[in-house]
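Examining the three-dimensional arrangement
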Amino acid sequence: MPKSPLSGKAQTVLGPVDGDAMGITLPHEHLLIDFKVMFKEPDAAADKGRALAPVSMANLGWIRQNFSSNLDNLRLLDEDVARDEALLFKHAGGQTMVDPTNGGLSRDPEGLARIARATGLHIVMGAGYYVQAAHPPALARRGIQDITPEIVGDIKVGGGATGARAGLIGEIGCSWPWTDEEKKVLRAAVAAQRETGAPLMIHPGRNPRAPQQILDVVAKEGGNLKRTIMCHIDRTIADRKHLMDLAQTGCYLEYDLFGLETSYYPYNPDFDMPNDGGRMAQILRLIEDGHARQLLMSHVIAYKHCLTKWRGFGYHHLLLNVLARLRPKGLDDRPIRGLVVDNPRRAFVFA
């Protein structure tokens, strides 16, 4: 086969860039997203008014604990806010942001392109579809043979007024229990990965068995596990054996909820979310066990309460606060560079 013109490059909304130009990279953030599909109305009568109120200092404490139960909190729709918040990451030394917002989440290629121009950041955009609850109704009537060319076209041709092209297949949404519609989309995504050489990103269901179940299908369909990113490890797997078994597949393990310090996780209240210290402890164990090259770190900011405008930690939290804490835990410049520069570069350039 002839070498792809994208081989060794990351495809941003403003065009391809050499992998070496990516620099410090956040592998999973949302700059513009309508995440209303995750809205859960509170049960208590006293809280129902809070559900529809704008995010403010008056309700911020409640929202931090119940972030999926306020509709305004689930919508990042303001380009000016996105630009200003992204600039904080750039001013801290960041160069690339991956935004895997895709079908059903109000992906905005033109908006991302404008933010990229305004900030000078490289922005990589996602393709495909999120969980079934966010699928457009017409998707149920379409087969793999229809969805695959759509994803391929997003990567090779682009769309919208700017012609911005996706540089990532994902995040492909999977629920627990996993639905047939979501399996169909995943199979189409794997077919698109085989055709394009693009990286594949998976949003697993909230059960420790879900990631391996998904990877089994990726492998069966001929996907490349070493070009596959499994998101949200920190809210999915607590057991070390489950974690080690997943690492043995060769996929990327993404710890992407840095900055969320509460153990209460409203999407799965039975799971105790680790804080940043717990995330770092898991990452250090994986490094000790020889999986340093598979690790990715991010924040998955998709909520107003995470942004500095609403007194949140912001897209620069990893660079300002987390990396400095890894140094006294035994990591020097080289492994830290691996986590935020080298690993994302390998993950997001085209095969």
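Report on the accompanying structure. Within each chain, residue numbers correspond to sequence positions counted from 1 in written order. Since the coordinates come from a predicted model, pLDDT governs what is reported: local features require at least 70, and pairs of side-chain atoms require 80 or more to be given and counted, while whole-chain, interface and lining totals use all residues. Values reported for side chains reflect all heavy atoms of the structure, with hydrogen atoms and water molecules removed beforehand.

1. Some remarks on the packing of helix 6 (residues 180-196) against helix 7 (residues 210-220)
Here the axes come from fitting lines to C-alpha atoms, over the contacting stretch only for helices, and the angles between their N-to-C directions go from 0 to 180 degrees. Secondary structure is summarised from DSSP: a helix means a run of H or I of at least four residues, a strand means a run of E of at least two, and numbering begins at the N terminus for each. The geometry of helix 6 relative to helix 7 is characterised by a closest axis approach of 9 Å and an angle of 45 degrees between their N-to-C directions. Considering the angle they form, helix 6 stands oblique to helix 7. The crossing of helix 6 and helix 7 is right-handed. Residues Leu 186, Arg 187 and Val 190 of helix 6 touch helix 7, and the partners they reach there are Ile 214, Val 217 and Val 218. With respect to orientation, any angle under 35 degrees is reported as roughly parallel, any angle over 145 as roughly antiparallel, any angle of 65 to 115 as roughly perpendicular, and every other angle as oblique. Here a crossing is called left-handed whenever its near helix is offset anticlockwise from the far helix by less than a right angle, and right-handed whenever the offset is clockwise. We call two residues in contact whenever any of their non-hydrogen atoms come within 4.5 Å of each other.

2. Considerations on helix 5 (residues 144-156)
The terminal C-alpha atoms of helix 5 lie 18 Å apart, and with 13 residues this matches the ideal 18 Å at 1.5 Å per residue to within 8%. Residues of helix 5 that are buried in the fold lie against strand 1 (9-12), strand 8 (169-173) and helix 6. The length a helix should cover is 1.5 Å for every residue beyond the first.

3. A few points about unusual backbone geometry
With an omega of 0 degrees, the peptide bond between Gly 170 and Glu 171 qualifies as cis. Among the structural elements, Glu 171 can be located in strand 8. In this model, Trp 176 is joined to Pro 177 through a cis peptide bond whose omega is -5 degrees. Tracing the sequence through the fold places Pro 177 in the loop between strand 8 and helix 6. Of note in the backbone geometry, Ser 106 takes a positive phi value of approximately 60 degrees without being a glycine. Mapped onto the secondary structure, Ser 106 falls in the loop between strand 6 (96-99) and helix 4 (109-119). The exposure class of Ser 106 is partly exposed, given its relative accessible area of 43%. Relative accessibility thresholds used throughout: buried, under 20% of the residue-type maximum; exposed, over 50%; partly exposed, between the two (1.4 Å probe, protein chains only).

4. Observations concerning the packing of aromatic side chains
In this description, an aromatic ring pair is defined by two values, namely the gap between the centres and the angle between the planes. Ring pairs are drawn from Phe, Tyr and Trp, using the six-membered ring of Trp, whenever the two centres fall within 6.5 Å, and their geometry is named by plane angle: stacked under 30 degrees, edge-to-face over 60, tilted for the rest. Enumeration according to the criterion identifies five aromatic pairs in this entry. A ring pair is formed by Phe 67 and Tyr 267, whose centres lie 5.7 Å apart and whose planes are at 80 degrees; its orientation type is edge-to-face. One end of the pair, Phe 67, is in the loop between helix 2 (60-65) and strand 5 (75-76); the other, Tyr 267, is in the loop between strand 11 (252-255) and helix 9 (276-288), and 200 residues separate them in sequence. Like Tyr 267, Phe 67 is buried. Here the aromatic rings of Tyr 265 and Tyr 267 are separated by 5.5 Å at their centres, their planes lie at 85 degrees, and the arrangement is edge-to-face. Judged by its relative accessible area of 4%, Tyr 265 falls in the buried class. For Tyr 267, a relative accessible area of 18% gives the class buried. An aromatic cluster of three or more residues is present, and its members are Phe 35, Phe 67, Tyr 130, Tyr 265, Tyr 267 and Tyr 303.

5. With respect to the environment of His 316
With respect to the helices and strands, His 316 occurs in the loop between strand 12 (295-297) and helix 10 (317-326). Assessed through its relative accessible area of 13%, His 316 is described here as buried. Spatially, the C-alpha atoms of His 316 and Gly 104 are 27 Å apart, while their sequence positions differ by 212 residues. With residues near it in sequence (within four places) discarded, His 316 still touches Leu 88, Phe 89, Ala 92 and Thr 308. A polar contact is formed between the side chain of His 316 and the backbone oxygen of Phe 313, at a distance of 3.4 Å. Contacts described as polar in this section are N or O atom pairs within 3.5 Å, which, within protein, must combine one atom able to donate a hydrogen with one able to accept it, while residues neighboring in sequence count only if both atoms come from side chains.

6. Observations concerning the sheet that holds strand 8
Working definition: the strands of a sheet are paired by backbone hydrogen bonds and lie parallel or antiparallel to each other. Two strands pair if DSSP finds at least two bridges between them. One open sheet accounts for five strands, arranged 8-9-10-11-12; its pairing is parallel. Both outer strands of the open sheet, strand 8 and strand 12, are each paired with one neighbouring strand and no more. Strand-to-strand twist across the sheet, computed as the mean angle between neighbouring axes with direction ignored, equals 25 degrees. Judged from the three bridges that link them, strand 11 and strand 12 form a sheet pairing that is parallel. Bridge pairing in strand 12 links Glu 254 to Leu 296.

7. Overview of the nonpolar core
Counting residues in each nonpolar core, the largest one holds 100 residues, and the members touching the most others are Leu 31, Phe 35, Ile 169, Leu 186, Met 297, Tyr 315 and Leu 326. Setting aside residues up to four positions removed in sequence, Leu 326 forms contacts with Met 280, Leu 284, Met 297, Leu 331, Ile 336 and Leu 339. Counting 14 residues, the second largest nonpolar core, distinct from the first, contains Val 98, Leu 168, Leu 296 and Val 349. Residue types Ala, Val, Leu, Ile, Met, Phe, Trp, Tyr and Cys, when buried and joined through side-chain atoms within 4.5 Å, form a set referred to as a nonpolar core.

8. A few points about the sheet that holds strand 7 (residues 122-125)
The strand order across the open sheet built from three strands is 3-6-7, with neighbouring strands paired in parallel fashion. Looking at the sheet topology across the chains shown, the edges are occupied by strand 3 (25-26) and strand 7. Summarising the sheet, strand 6 and strand 7 pair through four bridges and their orientation is parallel. Paired with Met 97 across the bridge in strand 7 is Ile 123. Together, strand 6 and strand 7 form the strand contacts of helix 4, whose direction differs from that of strand 7 by roughly 165 degrees.

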